[in-house]
Amino acid sequence: MSAMLAARLYSAAIPSHQSPSPRSSFRLRPMPTAGSRSLAPRAAASATVVSTKPAPAAAPSSADRSVVRIGLPSKGRMAEQTLSLLKSCQLSVRQLNPRQYTADIPLIPNLEVWFQRPKDIVRKLQSGDLDLGVVGFDTVSEYGQANDDLVVVHDDLDFGQCRLSLAVPKGGAFENINSLEELVRMPEWTEERPLRVVTGFGYLGAKFLKDNGFKHVVLLSADGALESFPPMGMADAIVDLVSSGTTLRENNLKEIEGGVVLESQATLVASRRSLHKREGVLEITHELLERLEAHLRASAELMVTANMRGNSAEDVAQRVHSLTSICGLQGPTISPVYCRRDGEVAVEYYAMNVVVPQKLLYKAIQQLRSIGGSGVLVTKLTYIFDEETPRWRNLLTELGL
Ligand SMILES: Nc1ncnc2c1ncn2[C@@H]1O[C@H](COP(=O)(O)OP(=O)(O)OP(=O)(O)O)[C@@H](O)[C@H]1O
Ligand SMILES: O=P(O)(O)OC[C@H]1O[C@H](OP(=O)(O)OP(=O)(O)O)[C@H](O)[C@@H]1O
Ligand SMILES: [Mg+2]
């Protein structure tokens, strides 16, 4: 092993407590997922840069500040998608100067935006310098290390989907190794020659290996290009993020059964202390949650409007209800279309509005036509607000409020 790697061993990183999986043992609890989510890619967006206002004054210390602070990723793939999601919720981020790390969201006056590296967002939530943050669940879990102060308010922001996974070379000694159990049982790993696993996730990686019974193992630390370590002979396995699997494939590595450490995507995280103590945090979190939930729900649906010939609204409703792809949120809204016929006002058509899942749209159009629908209009929805967001209720329960 090279001196560089030896110096970076996580000798004391293996936590002492034992549990079946990192996620289940965490005191850091994501709010339960409510409803299904769309995997549709979102359009890219960036912060609007304006120069009409002076930069905000130097930030006061965490104890005496009165503004609420949210940390957003300053770089990497999460940065653009976070801004894009907020923009879709009418919460455009206004950056006064692209070289500054602060910005604001005009629609929420008491909220200050701080652009930070994802791991620093988690650190600053814990130190009290930030109240809210958008980061991957992997980052919260790694740098939050089960800190009870971190509360995952929204665990399903529908971008940054990836998994933290263990991978080994496809060939050589690993040719017939296809599961974690087989890897643990390999006779090659001894005290003198342990399995060398390289990762940027020292906490989660160590815990995963310990929980899965690896005895003769060393964890090596590196920040990037981990997939190059096994082909270069510097490590036997890696624990890294995987999304499409291309990087693994290109480096002749494979995932194995039971090797997923954690599933991740972008989350909204808050400091429990801030939610309890800092004025305005709970209200802002509520507004963010409402907008995010309503928007994410709406992005999987489309509003369909069609004209239908019929004798009555009930007659039209009955025909619509016979269709499998059209059910609407509660049911279709049907209203009479008043036409002028020979100088008289008459109702021959009804306009029908119904919310249809995006993936069923074409089927819905075909079915609507088959029952006499015409003039079909399809519109995107910005929000679907329900009576109360389930995640808000869950958050209040979590906070004992
Ligand atoms: N390949 C991927 N596909 C999807 N999401 C990913 C992928 N890799 C990372 N992510 C998510 O994006 C987050 C940020 O990763 P990214 O690589 O953009 O920044 P970083 O790792 O902080 O920066 P850097 O890699 O430059 O040090 C990760 O914590 C993870 O949640
Ligand atoms: O499964 P894939 O779609 O191929 O994605 C996986 C790769 O993405 C991330 O790297 P990133 O692009 O962030 O580069 P980095 O090593 O510089 O962090 C991750 O560390 C993997 O290397
Ligand atoms: Mg990266």
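The structure under discussion appears in the preceding block.
Residues numbered from 1 in each chain as written. Chains lettered and ligands numbered in written order. Predicted model: local features only at pLDDT ≥ 70, side-chain atom pairs only at ≥ 80, totals over all residues. Heavy atoms only, no water.

Novice: What exactly am I supposed to notice about helix H4 (residues 118-127) here?
Specialist: Because each turn of an α-helix spans 3.6 residues, side chains separated by three or four positions in sequence point in the same direction. The complete set of buried residues in H4 reads Ile 121, Val 122 and Leu 125. Along the axis of H4, the buried residues cluster in a sector spanning 95°; they form a single face. (Buried < 20%, exposed > 50% of the residue type's maximum accessible area, 1.4 Å probe, protein only. Helix = DSSP H or I, 4+ residues; strand = E, 2+ residues; numbered from the N terminus. Arc of directions from axis to C-beta.)

Novice: What should I look at first to understand the sheet that holds strand S9 (residues 195-199) in this one?
Specialist: Strand pairs in the sheet, formed through backbone hydrogen bonds, run parallel or antiparallel to each other. The sheet built from five strands is open, its strands ordered S10-S9-S11-S8-S12 with mixed pairing. Sheet topology places strand S10 (217-221) and strand S12 (253-264) at the edges, where each strand pairs with a single neighbour. Looking at each pair of strands side by side, their axes are set apart by 25° on average, direction ignored. Pairing between strand S8 (residues 162-169) and strand S11 (residues 237-242): five bridges, direction antiparallel. Paired with Arg 163 across the strands is Val 242, a residue of S11. Packed onto the sheet, helix H5 (residues 137-144) meets S11 and S12 and runs at close to 80° relative to S12. (Pairing = 2+ DSSP bridges. Axes fitted to C-alpha atoms, helices over the stretch in contact; angles between N-to-C directions. Contact = heavy atoms within 4.5 Å.)

Novice: Please explain the packing of H5 against helix H7 (residues 202-211) as it appears in this structure.
Specialist: For any two helices packed against each other, the geometry is given by the interaxial angle and the distance between the axes. It is at 7 Å that the axes of H5 and H7 come closest, and there the two elements cross at 80°. The orientation of H5 relative to H7 falls into the category roughly perpendicular. Residues Asp 138, Ser 141 and Glu 142 of H5 pack against Gly 202, Tyr 203 and Leu 204 of H7. (Parallel < 35°, antiparallel > 145°, perpendicular 65-115°, else oblique.)

Novice: What is the right way to look at the site of ligand 2 in this model?
Specialist: Close contacts around ligand 2 come from Arg 77, Gly 224, Ala 225, Glu 227, Asp 240, Leu 241, Val 242, Ser 243, Ser 244, Gly 245, Thr 246 and Thr 247, and that covers them all. Interatomic distance of 2.6 Å between a side-chain N/O atom of Ser 244 and an oxygen atom of ligand 2. Thr 247 places a side-chain nitrogen or oxygen 2.4 Å from an oxygen atom of ligand 2. Bound to the protein, ligand 2 loses 63% of the 500 Å² it would expose on its own. Per element, the largest residue contribution to the shell around ligand 2 is three residues, and it comes from S11. Of the residues in the shell around ligand 2, the class split is three nonpolar, six polar and three charged. (Near = heavy atom within 4 Å. Polar contact = N/O pair within 3.5 Å; in protein donor to acceptor, adjacent residues only side chain to side chain. Areas by Shrake-Rupley, 256 points an atom, 1.4 Å probe, with all protein chains shown as cover. Nonpolar A, V, L, I, M, F, W, Y, C, P; charged D, E, K, R; others polar.)

Novice: Would you explain the sheet that holds strand S16 (residues 344-357) in this entry?
Specialist: One open sheet holds the four strands; their spatial order is S15-S16-S14-S17, and the pairing between them is antiparallel. Pairing within the sheet leaves two strands with one partner each, and these edge strands are strand S15 (333-341) and strand S17 (373-380). Taken pair by pair, the neighbouring strands of this sheet meet at an average axis angle of 25°, ignoring direction. The pairing of strand S14 (residues 301-309) with S16 spans nine bridges and is classified as antiparallel. Within S16, the residue paired with Leu 302 across the bridge is Val 356. Against the sheet, helix H11 (residues 313-321) touches S14, S15 and S16, its axis set at about 130° to S14.

Novice: Would you take a moment to explain the site of ligand 1 for this structure?
Specialist: In the vicinity of ligand 1 there are 14 residues, among which Lys 75, Arg 77, Asp 138, Thr 139 and Ser 243 approach most closely. The separation between an oxygen atom of ligand 1 and a polar main-chain atom of Arg 77 is 2.9 Å. Residue Ser 243 places a side-chain N or O atom 3.2 Å away from a nitrogen atom belonging to ligand 1. When isolated, ligand 1 has an accessible area of 610 Å², and the protein chains bury 70% of it.

Novice: Looking at this structure, I do not really get the nonpolar core. What am I missing?
Specialist: Nonpolar side chains in soluble globular proteins tend to be buried together. One finds Leu 72, Val 93, Leu 157 and Leu 268 to be the most contacted residues of the largest nonpolar core, which totals 37 residues. Every element with two or more residues in this core is listed here: strand S2 (68-73), helix H3 (77-88), strand S5 (111-116), strand S6 (132-136), strand S7 (150-154), strand S13 (266-271), helix H10 (281-298) and helix H13 (390-399). For this core, the element with the highest residue contribution is H10, accounting for seven residues. Discounting residues that sit within four places of it in the chain, Leu 72 has contacts with Thr 82, Leu 83, Leu 86, Val 93, Val 113, Trp 114, Phe 115, Gln 116, Ile 121 and Val 134. The next biggest cluster of nonpolar side chains, apart from the first, holds 28 residues, and it includes Ala 146, Leu 164, Trp 189 and Val 261. (Core = buried A, V, L, I, M, F, W, Y, C linked by side-chain atoms within 4.5 Å.)

Novice: Sorry if this is basic, but what is going on with the packing of H4 against H5 here?
Specialist: Running from N to C, H4 and H5 point in directions that differ by 50°, and their axes come no closer than 9 Å. Relative to H5, the element H4 is oriented oblique. For the element pair H4 and H5, the recorded crossing hand is right-handed. Along its contact with H4, which presents Pro 118, Lys 119, Val 122, Arg 123 and Gln 126, the element H5 presents Thr 139, Val 140, Tyr 143 and Gly 144. (Left-handed = near helix turned anticlockwise from the far one by under 90°.)

Novice: What's the story with the packing of aromatic side chains in this structure? I'm lost.
Specialist: Both the distance between ring centres and the angle between the ring planes are used here to describe each pair of aromatic rings. Summed over the entire model, instances satisfying the criterion amount to two aromatic pairs. Judged by centre distance (6.0 Å) and plane angle (25°), the ring pair of Phe 174 and Trp 189 falls under stacked. With Phe 174 in the loop between S8 and helix H6 (180-185) and Trp 189 in the loop between H6 and S9, the pair connects residues that are 15 residues apart, well separated along the chain. (Phe/Tyr/Trp six-rings, centres within 6.5 Å; stacked < 30°, edge-to-face > 60°.)

Novice: Before we go on, may I ask you to explain the environment of Gly 171 in this structure?
Specialist: As for its placement among the helices and strands, Gly 171 is situated in the loop between S8 and H6. Of the residues examined, Gly 171 reaches a relative accessible area of 32% and is grouped as partly exposed. In sequence terms Gly 171 and Asn 311 are 140 residues apart; their C-alpha atoms lie 71 Å from each other.

Novice: Help me understand unusual backbone geometry in this model?
Specialist: Peptide bonds are trans in most cases, and residues, glycine excluded, mostly fall at negative phi. A positive phi angle, near 60°, is found at Gln 90, a position not held by glycine. Take Gln 90: it is sitting in the loop between H3 and strand S3 (94-95). Overall, the relative accessible area of 37% leaves Gln 90 in the partly exposed class. In this model, Gln 145 sits at a positive phi of 45°, which is unusual for a non-glycine residue. Tracing the backbone through its elements, the reader meets Gln 145 in the loop between H5 and S7.

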